[in-house]
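Residue-level structural notes
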Amino acid sequence: MHIIAALYHFTRFPDPAALRPPLRELCEDCGVTGTLLLAQEGINGTIAGSRAGIDAVLAHIRALPGCADLEWKESTASKPPFARMKVRLKREIVTMGQPDVDPRAKAGRYVAPQDWNDLIRSPDVAVIDTRNDYEVAIGTFEGAVDPETSSFRDFPQWWEENKDRFHNKRIAMFCTGGIRCEKSTNFLLGQGVDEVYHLKGGILKYLEEVPADDSTWQGECFVFDRRVSVGHGLVEGPHELCHACRRPILPEDRHRPEYEHGVSCHQCIDETSADDKARFRERQHQIDLARARGETHLGGVIGV
């Protein structure tokens with residue numbers, strides 16, 4: 001059984017590049033895989049490994065400047081969710097493109113998972129899903145507003161174009177693990193919204209702690225590893241990835257006429273040219289050859 005730890009922490013790293021080599025070396029020594037992002041604003045990532053390996057890496061991160069109170073969310077997987085370890089330097093640990101946004105200064109009011117249902121059922125509360133469109137498509141909370149954004153960077157413009165819809169409303173926001181809401185709630189507070197709330201621990205914590213019978217969650221939650229989706233109790237869901245567009249699909253979608261492994265699915269078939277598809281076929285051919293030689297190719301993305 002592989003332990004998966006999803007984490008983020010906003011703190012000040014004056015020289016994140018100096019933190020990278022020892023962190024990467026420790027992960028490799030402990031057999032931990034996944035992706036960690038380092039920036040001057042903090043750390044974000046998802047890692048997987050043995051219990052001892054995960055504990056060692058988390059202890060190292062907690063010892064970094066300002067990270068003593070690091071929180072993380074754990075789940076398990078029967079197969080390795082990542083093939084290798086990547087520690088990357090970034091301008092932001094989650095990209096919003098708003099230089100004045102600083103979650104360390106102020107964020108929305110945290111709401112515990114067990115209190116979330118009562119809040120979002122209040123008639124004066126508007127619930128906003130801050131995730132990307134392909135994530136929302138496979139699951140969200142009852143009555144949540146979908147901004148239909150393809151990137152978190154698009155959220156500020158969406159708010160500017162739609163803010164009048166939420167006049168005199170309290171705003172409740174949520175995302176996968178909480179990191180996007182740290183920035184989006186700070187952004188709304190800076191835009192003059194008086195009451196902004198934030199699901200503490202994100203959807204993952206809610207699905208872990210709230211029983212299915214009491215839940216207002218509908219569908220599955222997209223996750224950024226080989227599992228693709230999880231449901232209540234963080235049980236692995238039925239979704240797979242289209243390896244052309246990286247969007248979630250169901251097993252039955254592989255039987256649709258638009259599906260070609262590594263080349264297209266019903267969601268992306270009209271988004272790429274014939275030349276693109278030819279390149280994708282060649283790429284998939286090379287991947288198949290590598291797998292036949294016993295090599296593995298697993299990727300991971302970050303967006304908790």
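Coordinates for the structure precede this section.
Residues numbered from 1 in each chain as written. Predicted model: local features only at pLDDT ≥ 70, side-chain atom pairs only at ≥ 80, totals over all residues. Heavy atoms only, no water.

1. Thoughts on the overall build of the chain
When you go through the chain residue by residue, the secondary structure sums to eight helices and 15 strands. What you see for the chain is a C-alpha radius of gyration of 20 Å, in line with the 19 Å of a compact globule of 304 residues. The C-alpha extent of the chain, read off along each of the three principal axes, is 60 × 50 × 40 Å. Here the contacts in the chain between residues at least 6 apart in sequence split such that 67% fall between residues at least 24 apart. Accessible surface, the chain as shown: approximately 14400 Å² in total, 46% of it carbon and sulfur. Between the centroid of the 38 positive side chains of the chain and the centroid of its 47 negative side chains there is a distance of 4 Å. (Helix = DSSP H or I, 4+ residues; strand = E, 2+ residues; numbered from the N terminus. Rg over C-alpha atoms; globule rule 2.2 N^0.38 Å. Contact = heavy atoms within 4.5 Å. Areas by Shrake-Rupley, 256 points an atom, 1.4 Å probe, with all protein chains shown as cover. Lys, Arg positive; Asp, Glu negative; His and termini not counted. Charge placed at Lys NZ, Arg CZ, Asp CG, Glu CD.)

2. So, the sheet that holds strand β9 (residues 170–174)
Read from one edge to the other, the open sheet built from four strands follows the order β6-β10-β9-β7, with strand pairing classed as parallel. This sheet does not close on itself; its edge strands, each paired only once, are β6 (109–111) and β7 (125–129). Within this sheet the neighbouring strands show an average axis-to-axis angle of 30°, counted without direction. Pairing of β6 with strand β10 (residues 196–199) involves three bridges; the strand directions are parallel. Residue pairing across strands places Arg109 opposite Tyr197, the latter belonging to β10. Docked against the sheet, helix α6 (residues 179–190) engages β6, β9 and β10, running at close to 175° with respect to β10. (Pairing = 2+ DSSP bridges. Axes fitted to C-alpha atoms, helices over the stretch in contact; angles between N-to-C directions.)

3. Some points on the environment of His60
Mapped onto the secondary structure, His60 falls in helix α2 (residues 51–62). Taking C-alpha positions, His60 is 38 Å from Arg283, a pair spaced 223 residues apart along the chain.

4. Re the pattern of salt bridges
One pass over the structure, following the stated rule, counts 20 salt bridges. Its salt-bridge partner being Asp124, residue Arg170 comes within 3.0 Å of it at the nearest N-O pair. Of this pair, Arg170 sits in strand β9 while Asp124 sits in the loop between α3 (113–120) and β7, and the two are 46 residues apart along the sequence. Between Lys205 and Glu209 there is a salt bridge, with the nearest N and O atoms lying 3.6 Å from each other. You can see Lys205 and its partner Glu209 sitting in helix α7 (residues 202–209), four residues apart, about one turn around the helix. A relative accessible area of 23% places Lys205 in the partly exposed class. A residue is classified by how much of its surface remains accessible, and Glu209, at 41% relative accessible area, is partly exposed. (Salt bridge = Lys/Arg side-chain N within 4 Å of Asp/Glu carboxyl O. Buried < 20%, exposed > 50% of the residue type's maximum accessible area, 1.4 Å probe, protein only.)

5. Observations concerning helix α1 (residues 16–29)
The terminal C-alpha atoms of α1, which comprises 14 residues, lie 20 Å apart, in line with the 20 Å expected from a rise of 1.5 Å per residue. Residues of α1 that are buried include every one of Pro16, Leu19, Leu23 and Cys27, and no others. As for α1, its buried residues are in contact with β2 (33–39), β3 (42–49), α2 and β5 (85–89). Phi turns positive, to about 70°, at Gly31, one or two residues after α1. (Expected span 1.5 Å × (residues − 1).)

6. A word on the state of the cysteines
Evaluated as defined, the whole model comprises zero disulfides. With no disulfide partner, Cys221 has as its closest neighbouring cysteine sulfur the one in Cys175, 9.4 Å distant. The exposure class assigned to Cys221 is buried, which follows from its relative accessible area of 0%. Not part of a disulfide, Cys242 finds its nearest cysteine sulfur in Cys245, a span of 3.6 Å. (Disulfide = S-S within 2.5 Å.)

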